[in-house]
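Each chain, written out:
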Amino acid sequence: MRAGATRTTCPYCGVGCGLIIEREAGGGISVRGDPAHPANLGRICSKGAALAETIGSEGRLTRPLVDGRAVSWDEALDRVAEGFRRVIDRRGPGAVAFYVSGQLLTEDYYVANKLMKGFIGSANIDTNSRLCMSSSVVGHKRAFGSDTVPGCYQDLEQADLVVLTGSNTAWCHPVLFQRIQAARKARPQMRLVVIDPRATATSDGADLHLPLRSGSDSLLFNGLLSWLARHGHVDRRFVERHTTGHAEAVRLAQWQAPSAAVVADQCGLQTEQVEQFFRWFGACEKTVTVYSQGINQSTSGSDKVNAIVNCHLLSGRIGRAGMGPFSVTGQPNAMGGREVGALANQLAAHMGFDSDEDIDRVRRFWQAPALARKPGLNAVELFRAVERGEIGALWIMATNPAVSLPDNSQVRRALERCELVVVSDCVETDTTRFADILLPVKAWGEKDGTVTNSERRISRQRPFLPPPAEARADWWILSRFAQRLGFSGFDYRSPREIFDEHAALSGFENGGTRDFDIGALQGIGEDEYDALQPFQWPFAAGGVSCQRLFAEGGFFTADRRAQFVAVTPRPPATAPEGDYPFTLNTGRVRDHWHTMTRTGLSPKLTAHTAEPYAELHVLDAQRLGIADADLVRIESRWGGVVVRARCGTRQQPGALFVPMHWNDRFASNACIGSVVNPCVDPFSGQPEFKHTPVRVSRVEPAWYGFLLSRDPIDNLPQGYWCRSWRKDVWYYELAGDAPLQDPSAYARALLGARAANPAAWCEFLDSSGAHYRAARFDDGRLGASLFISSTNDLPGRDWLVRLFAQSELLPEQRLRVLAGAPGKGAEDVGRVICSCFSVGVNTLMAAIRSRKLSTPEQIGEALQAGTNCGSCIPELRALIAEAS
Ligand code: SF4
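Residues numbered from 1 in each chain as written. Predicted model: local features only at pLDDT ≥ 70, side-chain atom pairs only at ≥ 80, totals over all residues. Heavy atoms only, no water.

(A) Structural view of the overall build of the protein chain. Regarding its fold elements, the protein chain presents 30 helices and 34 strands. In terms of overall size, the protein chain behaves like a compact globule, its C-alpha atoms giving a radius of gyration of 27 Å where 884 residues would be expected to give roughly 29 Å. Projected onto its principal axes, the C-alpha coordinates of the protein chain cover approximately 85 × 70 × 60 Å. When each of the 884 residues of the protein chain is scored for burial, the buried share is 63%. If you take every contact in the protein chain between residues at least 6 apart in sequence, the share linking residues at least 24 apart comes to 71%. Approximately 30500 Å² of the protein chain is accessible, and the part contributed by carbon and sulfur atoms is 49%. Separation of charge centres in the protein chain, based on 97 positive and 97 negative side chains, amounts to 2 Å. (Helix = DSSP H or I, 4+ residues; strand = E, 2+ residues; numbered from the N terminus. Rg over C-alpha atoms; globule rule 2.2 N^0.38 Å. Buried < 20%, exposed > 50% of the residue type's maximum accessible area, 1.4 Å probe, protein only. Contact = heavy atoms within 4.5 Å. Areas by Shrake-Rupley, 256 points an atom, 1.4 Å probe, with all protein chains shown as cover. Lys, Arg positive; Asp, Glu negative; His and termini not counted. Charge placed at Lys NZ, Arg CZ, Asp CG, Glu CD.)

So, in structure tokens, the structure goes:
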């Protein structure tokens, strides 16, 4: 590590990889995995590897704005305080709310929660982690009496069987998947089972894939519980000493799922597949079951979690090396939010509203004048209350609910009607345009504090860049706001002081009665905080950091026993039928994150999936007259989007998958949240993002086109468009509803004055009028290029993108642009698969076939693909299989 390098943590997923940031000679930075960080041991994925491309100033908010007018911090905070005070005085503390985010650092989260619950006196603070893992929180608390992840990442390597359920780990938690794959390579007897209705990069490499019917997870795990009980895989000692309720849970499971055949029938699986899974689970003591949003994002998500946990309790496989149920979180600090109580139904430090003792303890610790005594509104309820006018002042921090919440048209209506909307963020988003007061905050490379990953490991995020202009830390903004409301206890001068208080509260009157205890860190000094090494909680004063919990019981229920939860499987809230015969599933793609506010800035990342899409089964596509790459409209009762069709066999017939990321800044109409059913789990309040009844139909535009331009295009026409940033060039896909009478005039209108110079402008229209191409040359360089066709038969784009990197185009190349085809030797590499080395699918397929490459390692030797972060390796394997 070079002098001046910074050790910090990745801002994306819940793996929480440690990174080393080094300054480059040209002023940029380099990012690599930290070999000393226990979460990743030097590994990194494509998103982490491209972080250097996302730290620029584009779109950054740099000054506080009130009604669009730049003001000082004093004026902005006075206005926020006046607005909140006005609403509180008139209508009480229940009429104000914070909506916060797993992107906040723990210190920011702590101050927000303390202020709202302890001093304003309302529990109306909820986090966007509600959308991601609140069902796991409920499942954990019901079973363990605490929101505890019992294991650690090493368990995934030490297991003999890893079950990944509701988790496309290869794309969503790539470094964990890399660790599993490396362990399987070292120990070929280790098995991987993937349970997912769709085929994914994760299931491609599995020993067994169970493509179960959407929403039938509880039945499958009830079937497993019943099978384990019948076949003698019960750890009687553990069950008798450390649990309660097992008889009822097993009895119910046996009644509902008496045999593998019944389970297979109900889950849409083959009996042999189900038996195989049950046998493997039964035989492997060292079994870890990893679950994620595919389990949580359901109206029965909490029950699904308990159905999984029940199996581990019955077999006593918890808290020991290589075994346990394992929830992995989506966001970098979802766990930190849980620790400070940023869910509306939690108090701080894993204490709860269901205990008068907890309420009193937190009140005394904070010397809080008005501690809330009951839970507040969860995310979906909150925005409904805003629309009804029950919330008069709402402060949104570091999140984009106008895109990410289900039925987001409702969210937008609510924001438009709200008396006072304050948004603090580092960049402009779809939500910031609703803000009456907009507050600029520090971004990832500027922040200073801690985050907690999925294995309870707290790591430092350290700053390595100065913040731009007036951007401030969230905790600083919140503290100054609290002081303006007249509250004491918010005179923090550094994140270290907040962390110290957080640690003290965790240990306050704890004595081993609560799982979250980092009392050992109480009293931490500035130097110690700066140098803090990643550690797992609990870490009580006088104790040691704890890697695993519950091997010998010690649960946090009243009787210290784990509680089996008897689960009755429930189908999704609404079934596909009539006008809406398909099931919509949403999720992540490999190289994008949330609503693309950061990854959308990276040319490397956008090259992998440049356009929003709907994946559907080829049989459905044929029936509906949809061809691959057609535009399709997806509609539900709540809204509709238009995206590109991908037809294949990765989805089950009747199912659709659409990525969650696209927003109004990157596409004309692709916010899939507008389509998603806002029904929620009754226990966790988590929405059902994985199961919305929809219909799908082919869109028939009058023309298709694409545009490449060095300058962004602001006057995009009516119809379909999506855009992405490639190196040196903006890339737009276009389609129009009305025929173009004069494509040349259209091109000139689109490119404006930039197309006015006839010496720099070339165009071509074929005799049928069906194909139009135009190019503009700026000082010999390609400046813009527009292709239009009456049919969807446009040429490849990647060879044209590469021409923008050249300082001058030869006459032959200019002709090639208008001919719409690369010349000899100017290969079209196709869609990028390896983001690190920009290796496209055409290059890969040609090399696999011509050089008979049969392993990712051979591809790596030939083309470098897959040799840096390794995120593309599952796709390389799929291409090898396709070519063979
Ligand atoms: Fe970041 Fe990738 Fe690690 Fe997740 S797996 S924390 S996105 S580097």
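(B) Expanded view of the sheet that holds strand β7 (residues 125-127). If you walk across this open sheet you meet the 7 strands as β5-β4-β16-β15-β14-β6-β7, and the pairing is mixed. Each having just a single partner strand, β5 (69-70) and β7 make up the two edges of the open sheet. For strand β4 (residues 65-66) and β5, the ladder comprises 2 bridges, and the chain directions are antiparallel. Bridging across to β5, leucine 65 finds its partner in alanine 70. Those strands touched by helix α20 (residues 474-484) are β6 (96-100), β14 (393-397), β15 (420-425) and β16 (437-440), and its axis lies near 160° from that of β14. (Pairing = 2+ DSSP bridges. Axes fitted to C-alpha atoms, helices over the stretch in contact; angles between N-to-C directions.)

(C) Fine view of the pattern of salt bridges. Counted by the stated rule, this structure contains 57 salt bridges. With a closest N to O distance of 3.2 Å, glutamate 526 and arginine 496 form a salt bridge. On the criterion of sequence distance, the pair formed by glutamate 526 in helix α22 (residues 526-530) and arginine 496 in helix α21 (residues 495-507) is long-range, its members being 30 residues apart. For arginine 776, the salt bridge goes to aspartate 711, with nearest N and O atoms at 3.8 Å. In this pair, arginine 776 is assigned in strand β31 (residues 771-778) and aspartate 711 in the loop between β27 (703-709) and β28 (720-726), connecting sequence segments 65 residues apart. (Salt bridge = Lys/Arg side-chain N within 4 Å of Asp/Glu carboxyl O.)

(D) Region of the structure containing the pairing of strand β32 (residues 781-789). Burial of β32 is extensive: 8 of the 9 residues sit out of reach of the surface. Taken together, the 8 bridges between β31 and β32 define a ladder with antiparallel strand orientation. Across the sheet, residue histidine 771 finds its bridge partner in β32, namely serine 789. Between β31 and β32, which pair antiparallel one after the other, the connecting turn spans 2 residues, and aspartate 779 there sits at a positive phi close to 50°.

(E) Spotlight on the environment of alanine 759. For alanine 759, the location among the structural elements is in the loop between α25 (743-751) and β30 (761-765). Its relative accessible area of 71% is what places alanine 759 among the exposed residues. Separated by 722 residues in the primary sequence, alanine 759 and histidine 37 have C-alpha atoms spaced 57 Å apart.

(F) View of the sheet that holds strand β10 (residues 208-210). Here 5 strands make up an open sheet; going across it, the order is β10-β9-β8-β12-β13 and the pairing parallel. Only two strands of the sheet have a single partner each, and these edge strands are β10 and β13 (324-327). Across the sheet, the mean angle separating the axes of adjacent strands is 15° when strand polarity is ignored. Here strand β9 (residues 191-195) runs beside β10; their pairing, made up of 3 bridges, is parallel. The residue of β10 that forms the bridge with valine 193 is leucine 208.

(G) Examining the site of the ligand more closely. Taken together, Cys10, Tyr12, Cys13, Val15, Gly16, Cys17, Cys45, Lys47, Gly48, Pro174 and Val175 form the complete shell of residues around the ligand. Considering only residue class, the shell around the ligand consists of 8 nonpolar, 2 polar and 1 charged. (Near = heavy atom within 4 Å. Nonpolar A, V, L, I, M, F, W, Y, C, P; charged D, E, K, R; others polar.)

(H) Expanded view of the nonpolar core. One finds Phe84, Phe98, Leu115, Ile120, Trp395 and Phe481 to be the most contacted residues of the largest nonpolar core, which totals 73 residues. Excluding residues that lie within four positions of it along the chain, phenylalanine 481 makes contacts with Leu77, Val80, Ala81, Phe84, Phe98, Leu115, Ile120 and Trp395. Ala402, Val729, Phe787 and Leu809 belong to the second largest nonpolar core, which has 72 residues in total. (Core = buried A, V, L, I, M, F, W, Y, C linked by side-chain atoms within 4.5 Å.)

(I) Structural detail: the packing of aromatic side chains. Scanning all chains against the criterion turns up 31 aromatic pairs. Measuring from ring centre to ring centre gives 5.3 Å for phenylalanine 84 and phenylalanine 481, while their planes differ by 75°; the resulting arrangement is edge-to-face. In this pair, phenylalanine 84 is assigned in helix α2 (residues 73-91) and phenylalanine 481 in helix α20, connecting sequence segments 397 residues apart. When sorted by exposure, phenylalanine 84 lands in the same class as phenylalanine 481, which is buried. Their ring planes at 80° and their centres at 5.6 Å tell us that phenylalanine 98 and tryptophan 395 sit as a pair that is edge-to-face. (Phe/Tyr/Trp six-rings, centres within 6.5 Å; stacked < 30°, edge-to-face > 60°.)

(J) Geometry of unusual backbone geometry. Proline 538 follows tryptophan 537 through a cis peptide bond whose omega is 0°. Mapped onto the secondary structure, proline 538 falls in the loop between β19 (535-536) and β20 (562-563). Non-glycine residue aspartate 407 carries a positive phi angle of around 45°. Along the chain, aspartate 407 falls in the loop between α18 (401-404) and α19 (408-417). The phi angle at glutamine 864 is positive, at roughly 75°, despite the residue not being glycine.

(K) Here's a closer look at the side chain of serine 506. Mapped onto the elements of the fold, serine 506 is located in helix α21. Judged by its relative accessible area of 0%, serine 506 is buried. In terms of polar contacts, serine 506 uses its side chain to reach the backbone carbonyl oxygen of alanine 503, at 2.7 Å. Setting aside anything within four residues of it in sequence, one finds serine 506 in contact with Ala349, Arg514, Phe516, Asp517, Ile518 and Gly519. (Polar contact = N/O pair within 3.5 Å; in protein donor to acceptor, adjacent residues only side chain to side chain.)

(L) Here's a closer look at the environment of histidine 661. Secondary-structure assignment places histidine 661 in the loop between β25 (655-659) and β26 (692-698). Histidine 661 gets classed as buried once you look at its relative accessible area, which sits at 0%. Measuring from C-alpha to C-alpha, the distance between histidine 661 and serine 404 comes to 8.2 Å, with 257 residues separating the pair along the chain. With residues near it in sequence (within four places) discarded, histidine 661 still touches Gly587, Arg588, Val589, His592, Trp593, His594, Thr595 and Met596. At 2.9 Å, the side chain of histidine 661 forms a polar contact with the backbone nitrogen of valine 589.

(M) Up close: helix α3 (residues 106-120). For α3, with 15 residues, the first-to-last C-alpha span of 20 Å sits near the 21 Å given by 1.5 Å per residue. Counting buried residues in α3 gives 15 out of 15 residues, a clear majority hidden from the surface. With its phi angle positive at about 95°, glycine 121 sits one or two positions after the end of α3. (Expected span 1.5 Å × (residues − 1).)

(N) Looking closely at the pairing of β14. Burial within β14 is extensive, with 5 of its 5 residues counted as buried. Neither face of β14 is left uncovered, since the one carrying Ala393, Trp395 and Met397 and the one carrying Leu394 and Ile396 both have all their residues buried. Where β6 meets β14, 4 bridges bridge the pair, whose relative direction is parallel. Bridge pairing in β14 places tyrosine 99 opposite isoleucine 396. Strand direction decides the pairing type here: β14 and β15, joined by 5 bridges, are parallel. Bridge pairing in β15 links methionine 397 to serine 424.

(O) Geometry of the packing of α3 against α21. Contact geometry of α3 with α21 gives a least axis separation of 9 Å together with a crossing angle of 65°. Classified by the interaxial angle, the pair formed by α3 and α21 is roughly perpendicular. Of the two possible hands of crossing, α3 and α21 adopt the one that is left-handed. Facing α3, whose interface residues are Thr106, Glu107, Tyr110, Val111 and Lys114, α21 presents Pro495, Ile498, Phe499, Glu501, His502 and Leu505. (Parallel < 35°, antiparallel > 145°, perpendicular 65-115°, else oblique. Left-handed = near helix turned anticlockwise from the far one by under 90°.)

The analysis is restricted to geometry; functional conclusions fall outside its scope.
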